[in-house]
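Examining the three-dimensional arrangement
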Amino acid sequence: QVQVVESGGGLVQAGGSLRLSCVVSGRTARYYAMGWFRQAAGKEREFVAATTWSGSRSNYADSVKDRFTISRDSAKNTVYLQMNSLKPEDTAVYFCAAAATSLLSTTPREYDYWGLGTAVTVSS
């Protein structure tokens, strides 16, 4: 079993930055690929970024490329999402998820374990 807990959301002005954290626990947590997804009000959950637990590979949604960075600290079992140059359209609940695969899937159903989410609001 793997547990996933996000934190770091909040209210920020457009152009600002936030860093989300995702603590992962469980016996095999280090073998999982990790993804960040987001879901805005009235919309479907969408892929944001993903990384292998080793950090050797990552990918990003086009909408966040060059603004967001996914990283991990293996010693702390934590995955981060650094979000810069935030826009009002980035407003959403952000979810961290773990997948029992090294494939960096962009599809939510490919991920096995999910956190409860952390809300990000970007004001204009």
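This write-up is about the structure you can find in this document. (Residues numbered from 1 in each chain as written. Predicted model: local features only at pLDDT ≥ 70, side-chain atom pairs only at ≥ 80, totals over all residues. Heavy atoms only, no water.)

**Let's talk about the overall build of the protein chain**
Quick note on the threshold: Counting from the N terminus, the helices are DSSP H or I runs at least four residues long and the strands are E runs at least two residues long. Based on C-alpha atoms, the radius of gyration is set beside the globule rule, defined as 2.2 Å times the residue count to the power 0.38. When a residue's accessible area, from a 1.4 Å probe over protein chains only, is under 20% of the maximum for its type it is buried; when over 50% it is exposed; and in between it is partly exposed. Contact criterion: two residues are considered in contact whenever any of their non-hydrogen atoms come within 4.5 Å of each other. To measure how exposed things are, a 1.4 Å probe is used in the Shrake-Rupley method; for residues, cover is taken only from the protein chains shown. A positive count includes Lys and Arg, and a negative count includes Asp and Glu. His and the chain ends are not counted in either. Lysine's charge is taken at NZ, arginine's at CZ, aspartate's at CG and glutamate's at CD.
Within the protein chain one finds zero helices and eleven strands. Taken from N to C terminus, the helices and strands of the protein chain fall in the order β-β-β-β-β-β-β-β-β-β-β. In terms of overall dimensions, the protein chain is globule-like: its C-alpha atoms have a radius of gyration of 13 Å, near the 14 Å expected for 124 residues. In terms of overall dimensions, the protein chain has C-alpha extents of about 40 × 30 × 25 Å along its principal axes. Evaluated residue by residue, the protein chain yields a buried proportion of 41% over its 124 residues. Considering only contacts in the protein chain between residues 6 or more positions apart, those separated by 24 or more positions represent 58%. On the protein chain, roughly 6,400 Å² of surface is accessible, and the fraction owed to carbon and sulfur atoms is 47%. Here the protein chain contributes 13 positively and 10 negatively charged side chains, and the mean placements of these two sets differ by 6 Å.

**Quick notes on the pairing of strand E3 (residues 18–25)**
What counts here: Should DSSP find at least two bridges between two strands, the strands are regarded as paired.
Bridge count between strand E1 (residues 3–7) and E3: five bridges; the pairing is antiparallel. Across the sheet, residue Val5 finds its bridge partner in E3, namely Val23. Two strands pair when backbone bridges link them, and E3 and strand E8 (residues 78–83) are joined in this way by six bridges, in the antiparallel orientation. The residue bridging Leu18 from the neighbouring strand is Met83, located in E8.

**Structural notes on the pattern of salt bridges**
Put simply, the rule is: By definition, a salt bridge exists where a carboxyl oxygen of Asp or Glu is found within 4 Å of a side-chain nitrogen of Lys or Arg.
Scanning the model with the defined rule gives four salt bridges in all. Glu46 is paired through a salt bridge with Arg38; the nearest N and O atoms lie 2.6 Å apart. Residue classification places Glu46 among the partly exposed positions, given a relative accessible area of 36%. A salt bridge links Arg67 to Asp90, with the nearest nitrogen and oxygen atoms 2.7 Å apart. Taken together, the residues span a long stretch of sequence, with Arg67 in the loop between strand E6 (58–60) and strand E7 (68–73) and Asp90 in the loop between E8 and strand E9 (92–99) at a distance of 23 residues. When its relative accessible area of 10% is taken as the criterion, Arg67 is described as buried. With relative accessibility at 1%, the residue Asp90 sits in the buried group. In this structure, a network of salt bridges that share partners links the residues Arg38, Glu46, Arg67 and Asp90.

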